[in-house]
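Summary of the model geometry
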Amino acid sequence: MHLHLDPSNGLPIYEQIARHVKFAVANQLLQIGEHVPSVRDMATRLAVNPNTVARAYRDLQAAGILTPIRGTGLAVTPDAPGRCQAERLGLIRTRLRSVLTEAWQNGIAVDELRSLFDDELSQLATAGLATAAR
Amino acid sequence: MTPVLALKSVSKSYGRVQALQKVSFDVPAGRVCALLGANGAGKSTLIRTLLGLETPDSGTTHVLGMDSRTHGLEIRRRVGYMPEKPALYDWMTVAETGWFTAGFYPSGFQNVYEQYVRHFQLDPRQKIKHLSKGTRAKVALSLALAHKPELLILDEPTSGLDPLVRREFLESMVDVAAEGRSVLLSSHQVSEVERVADMVVILLGGELICIDSLDELKSSTREIVATLPDMGTEPPPVPGQVLAHAQFGHEHVWLARGIAEEQLAERWGLPEGSAFHVQTPSLEDILLALLREYRRSPGVRPATSEAIRS
């Protein structure tokens, strides 16, 4: 699992780690029963405070995404993929909302926004087809 | 539990320069504490006082429960210290430096030192004088870590080092913290501090202006940007403790802590025709705002929040 962290993007680091794990579960990069790296491994790999990783893992346990397996570490729960996929949509919605708010505050018209949205989407789709063909 | 560091009303001046002014704070065990502040803020003086290398004019400091004034030698033996400019003997090799330093510490030092030398991929036969700045720093860090100290003190360890070496230093610090040991880190690399610190201590002109847990400081601080209809309109007071305020034309920017969200929701009395939004600032934004505000009106402490509990 590769994680990219941005300590100064306003989102607390433990939240960023938790999000990465959730996205990895939603995308099936992490599957049911698989283990996440230990707190120490993850902390060293990311060069962040171990307490921060521990906090992210605690939150993920509380959310029912991870569960402790005796003596071996934390594993992905059977319920996790469904929950993470639902949450993924929620997170994207929040991101979208903040972009839309910014556009709104800067006086961009609704029609302009819609065509911008469709435009970007079709560009992504074309790019996706191109990569698939390669 | 005894704090690993305890300072009580520590003052120190060099001639007319006041390096530390009545600085008091505690650092509990098992934390990574970052010491921030501009150049000349008193960070190195503070560290040297803790280690008993400087005698304060007044006040007391304790490290691992020992008085720095009377137990300096014992403190330096128990603590791992890496100064900004590590003093090493140029004519020794990497291996000889470890062997020589081991003489001052209990047995086992040399073994661990050699492990770090391998870990950092240093050549034990190389002379210190032929080492690059980064490699030299790695030798100094290996020396500071080799007796497995309960407390590691690093004074700007990564200044002038390349990103790869800085990353290796961060990883070593994380490793120390993962074992429940404590770290005091003085640094200008704010983004690095943001990754590894549990708590931050901000010094300015020898005074303590902020001590808080990093999470708390970041989660309680907001940046508010408001656009008023014209230049002449005075903005209403922001509902919270203002750390900094700046005006660009008819745009106002505040950095504030403990903002009453419900008052914000009701636009806290902003005049008709104005707009605002709220952002989460980075540690660098917060630090800059604190330092600027303080520089503009010294004597007014913008953000002395209560010391860390527990």
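Nothing here was measured: the structure is a model prediction, and the numbers come from that model.

About the thresholds
Residues numbered from 1 in each chain as written. Chains lettered and ligands numbered in written order. Predicted model: local features only at pLDDT ≥ 70, side-chain atom pairs only at ≥ 80, totals over all residues. Heavy atoms only, no water. Pairing = 2+ DSSP bridges. Helix = DSSP H or I, 4+ residues; strand = E, 2+ residues; numbered from the N terminus. Axes fitted to C-alpha atoms, helices over the stretch in contact; angles between N-to-C directions. Contact = heavy atoms within 4.5 Å. Domains from an automatic or database assignment. Buried area = accessible area lost by both parts, 1.4 Å probe. Salt bridge = Lys/Arg side-chain N within 4 Å of Asp/Glu carboxyl O. Polar contact = N/O pair within 3.5 Å; in protein donor to acceptor, adjacent residues only side chain to side chain. Nonpolar A, V, L, I, M, F, W, Y, C, P; charged D, E, K, R; others polar. Core = buried A, V, L, I, M, F, W, Y, C linked by side-chain atoms within 4.5 Å. Buried < 20%, exposed > 50% of the residue type's maximum accessible area, 1.4 Å probe, protein only.

All names here are of chain B. Reading across from one edge, β2-β1-β4-β5 is the order of the 4 strands in this open sheet, with antiparallel pairing throughout. Here the strands that pair on one side only, and so sit at the sheet edges, are β2 (17–27) and β5 (66–67). Bridge count between strand β1 (residues 5–14) and β2: 7 bridges; the pairing is antiparallel. By the bridge assignment for β2, Lys-12 is matched with Leu-20.

Next up on the list: the sheet that holds strand β14 (residues 275–279) of chain B. Residues and elements named next belong to chain B. Taking strand neighbours across the sheet as the criterion, the 4 strands line up as β12-β13-β11-β14 in an open arrangement whose pairing is antiparallel. Both outer strands of the open sheet, β12 (241–248) and β14, are each paired with one neighbouring strand and no more. Strand after strand, the sheet turns through a mean of 15° between neighbouring axes, direction not considered. In the sheet, β12 pairs with strand β13 (residues 251–257) via 7 bridges, with the strands oriented antiparallel. Residue Val-242 lies in a different strand from β13, and its bridge partner there is Ala-256. Against the sheet, helix α10 (residues 283–296) makes contact with β11 (221–227), β12 and β13, and its axis sits at roughly 85° relative to β12, the strand it touches most.

Let's shift gears to the domain arrangement of chain B. Residue and element names in this part refer to chain B. Examined at the domain level, chain B breaks down into domain 1 (5–205) and domain 2 (219–296). Here the C-alpha centroids of domain 1 and domain 2 sit 38 Å apart. The partner domain 2 presents 8 residues to the 8 residues of domain 1 that form the contact. Each partner contributes to the roughly 770 Å² buried at the junction of domain 1 and domain 2, and carbon and sulfur atoms together form 84% of this total. Its largest share of buried area at the contact with domain 2, domain 1 owes to Val-190, Ile-202 and Leu-204, together 62% of the area lost on that side. Taken together, domain 1 and domain 2 are joined by 0 salt bridges. Across the contact surface, domain 1 and domain 2 share 1 residue pair in polar contact (both at pLDDT 80 or more). Here the side of domain 1 that touches domain 2 is composed, by residue class, of 7 nonpolar, no polar and 1 charged.

Attention shifts here to the nonpolar core. Among the nonpolar cores identified, the biggest contains 84 residues, and Ile-17 of chain A together with Val-139 of chain B are the most heavily contacted of them. Of the residues forming this core, the biggest block, 8 residues, is contributed by helix α1 (residues 13–26) of chain A. Residues lining this core come from more than one domain, with at least three contributed by each of domain 1 (5–205) and domain 2 (219–296) of chain B. The contacts of Val-139 of chain B, once residues within four sequence positions are left out, are Leu-88, Val-94, Thr-97, Tyr-113, Leu-122, Ile-128 and Leu-131 of chain B. Cys-33, Leu-50, Ile-75 and Leu-184 of chain B belong to the second largest nonpolar core, which has 28 residues in total.

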